[in-house]
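# Notes for the structure review
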Amino acid sequence: MLMKFKVRGGVHADERKEQSTDKPIRVLGIPPLLSVPLSQHAGLPAKPIVAEGQHVLKGELIGATAGDRSASIHAPTSGTVLGIGRIQAPHPSLLSYDAIHIEPDGLDSIYLPETPVDPQQLSAAAIADLVDSAGIVGLGGATYPAALKLKAGSRQNVHTLILNGSECEPYLTCDDMLMRERAAEIISGAQLILKAINAKQIIVGIEDNKPQAIKAMREVAQTDSNVEIRVIPTRYPMGSAKQLIKVITGSEVPTGGRSSDIGVLVHNVATSFAVHQAIYQNRPLISRVVTLSGQALATPQNVEVLIGTPVQWLLEQCDGLVATPARMLMGGPMMGQILPNTGVPITKGASAILALTNEEINSAAASPCIRCGSCVQACPMGLLPLEMARHSRADDYDGANEFGLKDCILCGSCAYVCPSHIPLVHYFQFAKGKHRENQIQSSKGEYTKSLSEARLARQEKEAAAKAAAKAEKAAKAAARKKANSQVEKV
Ligand code: SF4
Ligand code: SF4
């Protein structure tokens, strides 16, 4: 049954998904070097807890959470820590970030927990804690720590868990293949999430262009009375949480609000799979399924790959390139990041590596805005992309925010329809990246300020204590002297 609720804006993009769905998911091996970024999630980078030369085991914690919205990171295999160094981020801004470099020992020795858990006996809080320790983030692209959503959901009156299986971006098929091949694990993870948030039902939203995934998920779900597989129309960006909620429930998340305000929580199917692995297999988030696609690739396919694997090594394992790509992307063509080079590593949020030829990209030069309004019509969030771009280009983030930059989901629908080929979404990505960097710097600044204030207060306290001791000593000496002189007089 297709849904009756309509959503605003969006586009019918050329799907090009068939390139990578004719082979099963291939599990790749261990590369000669892994670079695991400390920043793979929405909040502050993880704090490294390993030192150069240290031997680590597969699944061992190597980076701890560093405050709100941070997520831990784990060693993808066993090996030696070569060091912690800056690497280029998968982003055209040429920003760099820290990563832990590990030389694998080839043994893949597993880190075992002291106390094995019985998944059936876990409380809601214990499930959220295990998801937290496993460093699971939203794998649909948002990379928001999953445990935070679970903990918030358990405090609110959430009745419905929506599993996002829409995968609306062109070329991407990693969720489609995961649902075809690992439906039972996805539903198992969803049942754990359901328990963690104390909700009643699971609705899995899948676009109608994935018949095999729909069939596989329905076969598994038929034995679970609280799970429903809902087929939704194929329209980009149906995978955005707000669009998905609207098309499934008919309700809108209030502006500035959260989905939990209307009793709903959304998780991606790959996140649900990761929750199953964390709890039933004691496996933190150390790998993910990535779509390799684009006509410049010899063998488009889906691969399960360790986090931290260099893209170059990944391409070599899959027969390399047959043409020089006109554009390399991490993620889909609508929301992905242009790759500066293939030395960058696979991160938790990397759903795809695309090597696109000239024929596959719109390489027309940008021309001035003709104020046609097509971008406004296409925007699913009801924003004014042309005004946001004007302010973003001028580094005026406050101005851009006034026109909705904060609410922009970076879906790229505006850029897709722009007749002047203005790379609108790249302006928004850059502006948001800069804004986030400023926030991190300001959080770091506040943290450093609070540390130096605490040090100053401690020093003042110590100085005051010293002065008091000195005064007391002087007073005692004076009293002794006075007493002695009185004795002499007597
Ligand atoms: S679609 Fe492009 S040309 Fe038209 S108003 Fe928006 S930015 Fe300007
Ligand atoms: S302004 Fe943002 S949300 Fe709106 S269409 Fe463009 S990228 Fe999507």
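Residues numbered from 1 in each chain as written. Chains lettered and ligands numbered in written order. Predicted model: local features only at pLDDT ≥ 70, side-chain atom pairs only at ≥ 80, totals over all residues. Heavy atoms only, no water.

- As recorded in an unreviewed UniProt entry, the protein goes by the name Ion-translocating oxidoreductase complex subunit C, listed as coming from Amphritea pacifica.
- UniProt, in its Function (unreviewed entry) section for the protein, records the words "Part of a membrane-bound complex that couples electron transfer with translocation of ions across the membrane."
- Recorded in UniProt under Subcellular location (unreviewed entry), the annotation for the protein is "Cell inner membrane". (UniProt positions renumbered as here; feature names shortened; annotations may be inferred.)

## Side note on the nonpolar core
- Ranked by internal contacts, the top residues of the largest apolar core, which has 51 residues, are Val131, Ile136, Val204 and Met217.
- Here the element with the most residues in this core is helix α4 (residues 183-197); it accounts for 9 residues.
- Ignoring any residue separated from it by four or fewer positions in sequence, one finds Val131 in contact with Ile136, Ala146, Ala147, Leu150, Val275 and Ile279.
- Ala296, Trp313, Met330 and Ala355 belong to the second largest nonpolar core, which has 20 residues in total. (Core = buried A, V, L, I, M, F, W, Y, C linked by side-chain atoms within 4.5 Å. Buried < 20%, exposed > 50% of the residue type's maximum accessible area, 1.4 Å probe, protein only. Helix = DSSP H or I, 4+ residues; strand = E, 2+ residues; numbered from the N terminus. Contact = heavy atoms within 4.5 Å.)

## Focus on empty space enclosed by the protein
- Taken as a whole and assessed by the stated rule, the structure comprises 2 cavities of 30 Å³ or more.
- Each pocket or cavity is described by its volume, and for the largest cavity that value is around 100 Å³.
- In terms of lining residues, the largest cavity is bounded by 14 residues, among which Leu139, Phe273, Ser287, Arg288 and Val289 are the most central.
- Here the lining of the largest cavity takes 4 residues from helix α7 (residues 269-280), the largest share from any one element.
- A breakdown of the residues in the lining of the largest cavity according to their chemical character gives 8 nonpolar, 2 polar and 4 charged.
- In this structure, the second largest cavity occupies an estimated 80 Å³ of space.
- When residues of the lining of the second largest cavity are traced back to their parent elements, those giving at least two are α10 (385-393), α12 (413-417) and α13 (424-489). (1 Å grid on protein atoms, 1.4 Å probe; cavity = no way out; pocket = protein on both sides within 12 Å on 5 of 7 lines; lining within 4 Å. Points joined across faces, edges and corners; volume = space filled by probe spheres on them. Nonpolar A, V, L, I, M, F, W, Y, C, P; charged D, E, K, R; others polar.)

## Let's talk about the site of ligand 2
- Among the 13 residues in the neighbourhood of ligand 2, the closest are listed as Cys379, Cys408, Cys411, Gly412 and Cys414.
- A majority-of-atoms criterion places ligand 2 in the second largest cavity.
- Sorting the residues of the shell around ligand 2 by element identifies α10 and α12 as the ones contributing at least two each.
- For the shell around ligand 2, the residue count by class is 11 nonpolar, 2 polar and no charged. (Near = heavy atom within 4 Å. Sits in = over half its atoms within 2 Å of the grid points.)

## Re the layout of surface pockets
- Here the second largest pocket defines a volume of roughly 700 Å³.
- Lining the second largest pocket are 30 residues, and of these Arg327, Pro333, Ile361, Asn362 and Tyr416 lie nearest its centre.
- Listed by contribution, the elements that provide at least two residues to the lining of the second largest pocket are β15 (327-330), α12 and α13.
- Per element, the largest residue contribution to the lining of the second largest pocket is 3 residues, and it comes from α13.
- Taken together, the residues of the lining of the second largest pocket break down into 17 nonpolar, 8 polar and 5 charged.

## Concerning the sheet that holds strand β17 (residues 352-356)
- Read across the sheet, 6 strands follow the order β1-β14-β13-β17-β15-β16 without closing on themselves; strand pairing throughout is mixed. Taken across any chain shown, the strands that pair with only one partner, and hence form the sheet edges, are β1 (26-27) and β16 (337-338).
- Bridge analysis of strand β13 (residues 287-293) against β17 gives 3 bridges, and the strand direction is parallel. Directly across from Thr291, in β17, lies its bridge partner Ala352. (Pairing = 2+ DSSP bridges.)

## Considerations on the site of ligand 1
- Near ligand 1, the surroundings consist of Cys369, Ile370, Arg371, Cys372, Gly373, Ser374, Cys375, Leu386, Cys418, Pro419, Ser420 and Ile422.
- Classifying every residue of the shell around ligand 1 gives 8 nonpolar, 3 polar and 1 charged.

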